[in-house]
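# Commentary on secondary and tertiary structure
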Amino acid sequence: MNIIGKISVYPKLPARLVRLHDVAFNLWWSWATEAQTLFATIDPELWEAVSHNPVKLLRKVQQEKLDAAAADPKFLEQYAAVLADFDAYMDPAAATWFGRTHGDKRNQVIAYFSAEFGLHEALPIYSGGLGVLSGDHCKAASDLNLPFIGVGFLYPQGYFIQRIDDSGMQQAFYEKIDFAEMPVTQALDPQGKPVLINVDLPGRTVYAKVWRIQVGRVPIFLMDTDVERNAPQDRELSARLYGGDREMRISQEVVLGIGGVRAVRALGYDPAVWHMNEGHSAFLGLERVREYVQSQGLSFGEAVEAVRAGTIFTTHTPVPAGNDSFAFELVEKFFWQYWGQLGIDRNAFIDFAAQELPWGRQYSMTVLALRISGYANGVSQLHGHVSREMWHFLWPQTPVEEVPITAITNGVHTPTWMVQELKDLYSKYLPPAWREEIDDAQIWAKVTTIPDVELWAVHQWRKSILVDFSRRRLQAMYRRHGEGTKTLNAAGQLLDPQALTIGFARRFATYKRAALLFHDEERLKRILHNPEQPVQIIFSGKAHPADEPGKALIQRIYQLSQTPDYWGKIVFIENYDMNIARHLISGVDIWLNNPRRPHEASGTSGMKAALSGAPNFSVLDGWWVEGYDGSPQNLNGWAIGEEREYKDEATQDEADAINLYSTLEDMIIPLYYAGRTAEGVPTGWLQVMKNSIRTCTPQFSMRRMVKEYTERAYLPAALTGAAYAAGDFALAREMTQWKQMARQRWGQVAVQAIVPDSTQVTVGEAVTIGARVWYNGVSEKDAAVEVVSGALDSHGELPNPQITPMQQSGWDNGAAIYQCALQPESSGQIVLGIRVRPNKESLIHPNELGIASWAG
């Protein structure tokens with residue numbers, strides 16, 4: 001026949017089930033396991049085949065199965081219960097944390113920019129931890145009912161599908177996402193029209209349409225450049241996550257930052273707070289400066305002050321090479337027509353974000369983000385310290401620990417990552433409010449009341465599910481490799497549900513040291529093959545397609561897993577995603593993480609394992625420094641290595657590997673197999689499991705994290721943003737002039753210390769410190785005179801400086817006289833210094849200028 005066209009025919013929802021559509025198009029279902037069960041009940045096999053995507057399920061399911069569900073009283077009862085939960089959650093009058101505590105701030109919208117959002121495996125537009133964190137952030141913002149929107153990209157080809165070939169090499173495949181089968185809709189402006197924005201790139205204009213994903217109460221708006229009026233290369237601009245060369249990268253970041261601001265405006269929002277999750281979106285600050293310069297007549301400096309007052313920047317990268325930067329020539333190519341709209345020239349534009357790097361001077365997106373943000377933070381306490389050291393050069397006259405970069409430790413969205421069996425168990429033994437008050441440590445103290453036999457039964461059930469899941473995945477991979485019946489049958493018997501099972505799953509970057517376990521293979525083999533105490537390891541994870549060393553690590557581990565020495569003891573599950581992650585964290589006995597300290601900014605996979613009862617076995621890096629409790633009565637996991645520096649990487653790897661083996665042999669494995677009851681329950685191990693759940697779940701919940709962002713960043717930024725904009729930006733104008741004065745004149749300020757001859761005192765005894773300050777034209781009202789004191793650490797740094805204000809007592813021959821009483825509270829040697837720094841009530845951070853005059 002002569003085919004003239006195609007028609008897609010979708011099943012029709014029966015009238016009694018019509019609201020399945022509402023639930024399918026709201027990602028609320030991604031953490032409401034009862035809703036997922038409802039969709040799975042319609043067609044269990046199809047549910048697995050469509051990667052748990054309810055929209056795709058409703059597009060592909062047979063009409064007969066929908067009709068049968070509509071006639072099934074049990075299904076209708078499930079359906080009614082899910083709808084009741086959904087409507088109660090979405091009820092605008094529902095009592096929520098933000099509404100109870102800050103209801104008068106409902107109109108102060110927070111715009112959250114991220115290059116990726118990991119919401120569910122059905123939407124493969126995330127690569128790993130950063131995206132999953134962003135997705136969890138939005139989910140918790142929804143739970144707390146913050147006035148919150150997300151902004152990013154909807155990548156038509158998403159992140160790559162990983163296939164491991166028969167040599168163990170990672171192969172990357174891309175499949176175009178059919179948005180008709182995804183829980184996304186076209187974003188509309190206040191007039192109900194589709195939103196289309198544009199940005200200028202070298203020699204052309206690029207357009208992007210905007211899609212909407214509803215995540216509970218929170219909308220996420222994602223741009224897509226696959227628009228007909230774009231040139232072919234620009235239609236591919238947002239096709240893939242983290243793909244292409246440097247020019248592609250800067251093009252994406254221009255669209256994300258500048259285009260993202262324009263999309264927010266077109267959608268009718270005027271955010272009170274702008275939050276950049278990593279530096280990919282830092283150009284949004286320049287676009288907001290351009291808006292103020294063009295529409296309000298502000299100078300560049302005044303506009304910067306107005307913008308930074310309401311802007312937050314979260315950095316995730318503890319190594320210089322991981323922070324995006326671009327050659328000046330490339331920046332000039334993209335912005336030569338833009339900097340004039342900011343009211344500055346080329347040199348001022350470049351200098352604003354310049355950084356000296358080992359490979360040359362570059363335009364740094366992190367420097368830009370820090371310059372344009374009044375609030376900045378790392379993602380763990382250790383990472384905050386590392387970040388202050390990394391970016392200290394921007395505040396050279398400020399002690400490292402006073403650099404204005406704080407820390408808000410990451411968390412995870414507990415309802416997303418907790419399996420239903422554990423939810424049911426916790427509902428049985430914890431207070432009724434545990435789901436709503438996940439961050440309440442007193443609630444989780446009740447974990448100790450859960451009978452060991454019940455917690456162990458749930459864990460063993462989830463472990464059996466993991467083993468079955470892993471076998472099916474391995475059989476599918478071997479079948480694709482062309483293996484015969486013998487190998488496929490053997491794969492169906494891999495892994496022992498009774499053996500101690502270690503999980504290692506994450507991005508295969510070299511600093512994460514996936515192969516550290518193989519440092520001494522003979523010792524590892526003895527550990528794995530002990531017939532009385534068997535051990536097995538499940539690996540999973542992707543390497544960036546351009547990361548050849550990372551791909552080589554995957555290949556090595558896969559090839560080892562195929563040898564007789566490791567067959568059945570080590571397996572590699574391909575195409576790591578959120579579905580595999582859920583199976584692993586809820587089924588393994590212990591979670592292994594051994595990055596090269598201090599390169600792990602935070603890490604969140606271990607938090608998910610901890611709340612599932614899988615204790616962490618980790619290097620004291622990132623979040624685990626805060627989470628680990630090694631005391632005998634509260635042991636909640638194990639540490640690898642020491643909190644120290646090594647002369648080189650090889651020495652560090654050897655020391656950590658030796659410690660890893662000995663901890664496994666002497667502590668972990670004996671505890672897992674010893675002291676079992678008649679029912680086979682390891683009581684000592686259950687105590688560590690309970691400690692892991694009890695201590696880590698509330699502290700590292702996303703609910704706690706978002707509350708912390710709200711109290712420490714969002715609400716303060718909304719206040720300062722409004723204050724700087726009030727009265728025709730009077731404060732922004734004033735602070736610009738004042739900072740200019742301070743930078744120009746502070747070099748003229750001189751200070752002399754007046755300290756007693758004898759500085760030997762006892763604890764609690766006061767010592768008087770004095771200073772003479774010559775202001776030389778600077779008003780003393782614009783200054784703060786302070787004693788900075790404390791004990792030096794082993795690196796010669798002052799980790800916890802004590803700031804003691806000095807009070808002016810008079811004048812002497814043109815010098816202002818200051819005094820204060822310093823009262824040491826502990827014994828030991830302390831050091832002190834006296835500084836005069838610019839001071840004004842309107843400063844967002846007392847050291848934001850980074851300048852001071854110190855006594856010589």
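That block above? That's the structure.
This text gives an overview of the structure that appears in the document.

Thresholds applied
- Residues numbered from 1 in each chain as written.
- Predicted model: local features only at pLDDT ≥ 70, side-chain atom pairs only at ≥ 80, totals over all residues.
- Heavy atoms only, no water.
- Pairing = 2+ DSSP bridges.
- Helix = DSSP H or I, 4+ residues; strand = E, 2+ residues; numbered from the N terminus.
- Phe/Tyr/Trp six-rings, centres within 6.5 Å; stacked < 30°, edge-to-face > 60°.
- Buried < 20%, exposed > 50% of the residue type's maximum accessible area, 1.4 Å probe, protein only.
- Contact = heavy atoms within 4.5 Å.
- Axes fitted to C-alpha atoms, helices over the stretch in contact; angles between N-to-C directions.
- 1 Å grid on protein atoms, 1.4 Å probe; cavity = no way out; pocket = protein on both sides within 12 Å on 5 of 7 lines; lining within 4 Å.
- Points joined across faces, edges and corners; volume = space filled by probe spheres on them.
- Expected span 1.5 Å × (residues − 1).
- Polar contact = N/O pair within 3.5 Å; in protein donor to acceptor, adjacent residues only side chain to side chain.
- Salt bridge = Lys/Arg side-chain N within 4 Å of Asp/Glu carboxyl O.
- Parallel < 35°, antiparallel > 145°, perpendicular 65-115°, else oblique.
- Nonpolar A, V, L, I, M, F, W, Y, C, P; charged D, E, K, R; others polar.

## Here's the deal with the sheet that holds strand β25 (residues 802-805)
Strands sit in the order β25-β24-β28-β29 across an open sheet of four strands; the sheet is antiparallel. Strand pairing shows two members of the sheet lacking a second neighbour, β25 and β29 (853-854), which therefore form its edges. As defined by bridge partners, strand β28 (residues 831-838) adjoins β29 across two bridges and the pair is classed as antiparallel. Residue pairing for β29: Val836 is matched across the bridge by Ser853.

## Some words on the packing of aromatic side chains
Overall, the coordinates contain 38 aromatic pairs when judged by the stated rule. Ring centres 4.8 Å apart and planes at 55° place the aromatic pair Tyr159 and Phe160 in the tilted group. For the pair formed by Tyr159 and Phe160, the shared burial category is buried. Look at Trp638 and Trp685: their rings are 5.5 Å apart centre to centre, the planes differ by 25°, and that puts the pair in the stacked class. Placement of Trp638 in strand β21 (residues 637-640) and of Trp685 in helix α28 (residues 683-699) is noted, with a sequence separation of 47 residues between them.

## Here's the deal with the pairing of strand β13 (residues 360-364)
When a strand is regular, its side chains alternate between the sheet's two faces. As paired elements, strand β11 (residues 325-326) and β13 share two bridges and run antiparallel to each other. Bridge pairing in β13 places Ser325 opposite Ser364. Pairing analysis gives four bridges linking strand β12 (residues 354-357) to β13, with the strands arranged antiparallel. Each bridged residue has a counterpart across the sheet, and for Ala354 the counterpart in β13 is Tyr363. What sits between the antiparallel neighbours β12 and β13 is a turn of two residues.

## So, the sheet that holds β11
Here we have three strands laid out as an open sheet, ordered β11-β13-β12, and antiparallel in their pairing. Lying at the two open borders of the sheet, with one neighbouring strand each, are β11 and β12. This element, helix α13 (residues 328-335), spans β11, β12 and β13 of the sheet and lies at about 35° to β13.

## Thoughts on empty space enclosed by the protein
Taken as a whole and judged by the stated rule, the model has six cavities of 30 Å³ or more. Size it by volume and the largest cavity reaches roughly 70 Å³. In terms of lining residues, the largest cavity is bounded by Ala115, Phe153, Tyr155, Leu241, Tyr242, Arg249, Gln252, Glu253, Leu256 and His280. Of all the elements, helix α10 (residues 246-266) adds the most residues to the lining of the largest cavity, at four residues.

## What to know about helix α23 (residues 548-561)
Every α-helix carries 3.6 residues per turn, so stepping three or four residues along brings you back to the same face. For α23, spanning 14 residues, the distance from its first C-alpha to its last is 20 Å, which sits close to the expected 20 Å at 1.5 Å a residue. Among the residues of α23, Gly550, Lys551, Leu553, Ile554, Gln555, Ile557, Tyr558, Leu560 and Ser561 are the ones counted as buried. Looking at the buried residues of α23, the elements they touch are β3 (161-164), β4 (170-173), α20 (452-480), α22 (521-528), β17 (535-540) and β18 (570-573). Structurally, the start of α23 carries an N-cap: the backbone nitrogen of Gly550 is 3.0 Å from a side-chain oxygen of Asp547.

## Digging into the environment of Thr501
Within the secondary structure layout, Thr501 lies in strand β16 (residues 500-505). Between the C-alpha atom of Thr501 and that of Glu175, which follows or precedes it by 326 residues, the distance is 33 Å. In this structure Thr501 touches Lys463, Asp496, Gln536, Ile538, Val588, Asp589 and Ile590, once residues within four positions along its chain are discounted. Within the local environment of Thr501, its side chain forms a polar contact with the side chain of Gln536, the two groups lying 2.9 Å apart.

## Things to note about the environment of His316
Considering the arrangement of structural elements, one finds His316 in the loop between β10 (311-314) and β11. According to the relative accessible area criterion, His316 is buried, its value standing at 14%. When the C-alpha atoms of His316 and Asn579 are compared, they prove to be 24 Å apart, with 263 residues separating the residues in sequence. Beyond its immediate sequence surroundings of up to four residues, His316 is in contact with Leu130, Leu133, Asn277, Glu278, Val379, His383 and Ala601. Looking at His316, its side chain comes within polar contact range of the side chain of Asn277, at 2.6 Å.

## Examining the pattern of salt bridges
Counting across every chain of the model gives 52 salt bridges. Note that Lys551 is salt-bridged to Glu548, the shortest N-O span being 3.0 Å. A residue pair is termed a helical-turn pair when its members lie 3 or 4 positions apart in one helix, as Lys551 and Glu548 do in helix α23 at three residues. A relative accessible area of 11% places Lys551 in the buried class. Residue class for Glu548 comes out partly exposed when judged on its relative accessible area of 47%. A salt bridge links Arg835 to Glu786; the shortest N-O distance between them is 2.8 Å.

## Section: α28
Taking 1.5 Å per residue, 17 residues should reach 24 Å; α28 reaches 25 Å between its end C-alpha atoms and fits that length. For α28, the buried fraction is high: 12 of the 17 residues fall into the buried class. For α28, every residue scored as buried is listed here: Trp685, Leu686, Val688, Met689, Lys690, Asn691, Ser692, Ile693, Thr695, Cys696, Thr697 and Pro698.

## With respect to the environment of Lys12
Topologically, Lys12 is positioned in the segment before α1 (20-24). Exposure remark for Lys12: the relative accessible area of 66% places this residue in the exposed category. Considered as a pair, Lys12 and Ser251 are 239 residues apart in the sequence and their alpha carbons are 42 Å apart. Apart from residues no more than four positions distant in its own chain, Lys12 is found in contact with Gln63 and Leu66.

## Observations regarding the side chain of Arg290
Within the secondary structure, Arg290 sits in helix α11 (residues 283-296). Of note is the side chain of Arg290, whose polar atom sits 2.8 Å from the side chain of Glu287. If we ignore the near neighbours within four places in the chain, the residues touching Arg290 are Arg262, Tyr338, Gln341 and Leu342.

## Things to note about the packing of helix α8 (residues 129-144) against helix α29 (residues 702-745)
Orientation of α8 relative to α29, taken along the N-to-C sense of each, is 80°, at an axis distance of 9 Å. When the axis of α8 is compared with that of α29, the two are roughly perpendicular. Residues Leu133, Asp136, His137, Ala140, Ala141 and Leu144 of α8 touch α29, and the partners they reach there are Met702, Arg703, Met705, Val706, Lys707, Tyr709 and Tyr714. When the residues that make up the contact of α8 with α29 are grouped by side-chain class, the tally is nine nonpolar, one polar and three charged.

These values are about where atoms sit, not about what they do.
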